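Descriptive analysis of the structure
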Amino acid sequence: METAAREAWRSFLEAWAIPQRLIDAVGVDPHVWHPEFWERMRRAEASRLQESPTLAIVEDIAGGGSVLDVGAGTGRLAIPLAGRGHRVTTVERDPDMARSLAAEAERAGAVMTQVVGAWPLVAGNTGIHDVVLATQVVYDVAGIGGFVEAMHHRSRRGVVVEMTPRHPWTPLSRYFRALHGLERPSRPTVDDFGRVVEEVVGISPQQRHWTAPTGLRFADMQELLAFYRRRLLVPPVRSIEAAALLEPDVRHTDDGWLVLGPEERDVVTLWWRK
Ligand SMILES: C[S@@+](CC[C@H](N)C(=O)[O-])C[C@H]1O[C@@H](n2cnc3c(N)ncnc32)[C@H](O)[C@@H]1O
């Protein structure tokens, strides 16, 4: 069995590990998920969801059928899909995200089945669905072969994956360089993921490139700087230096939030039918 593409994916991701000396210096985990910030992003994108190619492609393949959303987060796609009449099942490994998803689904009046646990370990508890979907998850997954294989096997009609063309931490690379003299990797990319799909499933996925509003948004400068000090492992004595580095790149959104970086971010939707 050919495994070169999935092994390459794993080693590219391993190269993204933050050196332990930087973590030890501040004593925090920079990878922590923030349901609240994801929830703001979900709401910000809700108004643009009509234009989401991912949603359109899922609906086209599902033909009104069921959808399994793997790594559903706070339900950015799962909630609107349930609202459009699809039977939706979600898988989410982070209990805090899963709790936020349950609360948001209830608020939206969206009915769905939630499985809390890590894919593909919990794949046997989810059933078979017309479409299996994973949005903004694959860069979290070192064991990508088993992840993709289980998505393929649990789908009746097809699989849809949404991702950024490059690792989502790529926009922070220049700050890591400036603050810590640390070079960040340039792979894996969406093409590396495409090669994994070809290797695991034997199909070359279709791709559509598009743009979406920039992700994480903050109520004020204090909140934004606290978040990125953690992400960038900035010790308290270097807070002013870090603020001076980030401030020129901070922008106000039309709806009153602060974001770091450009107004739009590149997104790719990949899919294959069975
Ligand atoms: C970047 S968020 C994206 C959330 C949502 N899909 C979206 O597009 O807004 C990634 C989510 O995937 C979850 N996740 C990562 N790996 C997972 C796995 N192997 N099984 C289940 N959930 C996973 C994380 O806990 C996180 O909530």
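In the block above lies the structure referred to throughout.
For the structure given in this document, a descriptive report is provided here. (Residues numbered from 1 in each chain as written. Predicted model: local features only at pLDDT ≥ 70, side-chain atom pairs only at ≥ 80, totals over all residues.)

**Quick word on the overall build of the chain**
When helices and strands are tallied, the chain shows eleven helices and nine strands. The C-alpha atoms of the chain give 19 Å as radius of gyration, which agrees with the globular expectation for 274 residues (19 Å, within 12%). With the C-alpha coordinates aligned to their principal axes, the bounding extent of the chain is approximately 55 × 45 × 30 Å. (Helix = DSSP H or I, 4+ residues; strand = E, 2+ residues; numbered from the N terminus. Rg over C-alpha atoms; globule rule 2.2 N^0.38 Å.)

**So, the site of the ligand**
Around the ligand sit 18 residues in total, of which Gly71, Gly73, Arg76, Asp94 and Thr135 are the nearest. Split by residue class, the shell around the ligand holds nine nonpolar, four polar and five charged. (Near = placed C-beta within 6 Å. Nonpolar A, V, L, I, M, F, W, Y, C, P; charged D, E, K, R; others polar.)

**Quick word on unusual backbone geometry**
Here Trp119 and Pro120 are connected by a cis peptide whose omega angle stands at 5°. Within the secondary structure, Pro120 is located in the loop between β3 (112-116) and β4 (129-135). Here the amide bond leading from Arg187 into Pro188 is cis, since omega sits at 10°, within 30 degrees of zero. Of note, Pro188 is situated in the loop between α8 (173-180) and α9 (190-201).

**Re the packing of helix α10 (residues 221-231) against helix α11 (residues 239-246)**
Helices that pack against each other are described as a pair by the angle of their axes relative to one another and the distance between those axes. As a packed pair, α10 and α11 sit with axes 10 Å apart at the nearest point and diverge in direction by 110°. With respect to α11, the axis of α10 lies roughly perpendicular. Within the contact between the two elements, α10 uses Leu225, Tyr228 and Arg229 and α11 uses Ser239, Ala242, Ala243 and Leu246. Considering only residue class, the contact of α10 with α11 consists of five nonpolar, one polar and one charged. (Axes fitted to C-alpha atoms, helices over the stretch in contact; angles between N-to-C directions. Parallel < 35°, antiparallel > 145°, perpendicular 65-115°, else oblique. Contact = placed C-beta atoms within 7 Å.)

**Re the sheet that holds β4**
Strand order in the open sheet made by the seven strands is β3-β2-β1-β4-β5-β9-β6, with mixed pairing throughout. The open sheet has two edge strands, β3 and β6 (206-213), and neither has a second partner. On average, each strand axis in the sheet is inclined to that of its neighbour by 20°, with strand direction left out of account. Inspection of the sheet shows strand β1 (residues 67-70) paired to strand β2 (residues 88-92) by four bridges, in the parallel sense. Following the sheet pairing, Asp69 is matched in β2 by Thr90. (Pairing = 2+ DSSP bridges.)

**Side note on helix α7 (residues 144-153)**
When we look at burial in α7, the residues that qualify are Ile144, Gly145, Phe147, Val148, Ala150 and Met151. Looking at the buried side of α7, the elements it contacts are α1 (4-14), β1, β4, β5 (155-163) and α9. (Buried ≥ 20, exposed ≤ 12 C-beta atoms within 10 Å, placed from the backbone.)

**Considering the environment of Ala108**
For Ala108, the location among the structural elements is in helix α6 (residues 95-108). The class for Ala108 is partly exposed, based on 15 C-beta atoms found within 10 Å. Beyond its immediate stretch of four places on either side in the chain, Ala108 contacts Ile79 and Gly83.

**Details of α10**
All of the buried residues in α10 are Leu224, Leu225, Tyr228 and Arg229. Around the axis of α10, the buried residues are gathered within 130° of arc, so they sit on the same side. Contacts from the buried residues of α10 go to α11, β7 (250-252) and β8 (258-260). Two residues or fewer after α10 comes Leu233, characterised by a positive phi angle close to 50°. (Arc of directions from axis to C-beta.)

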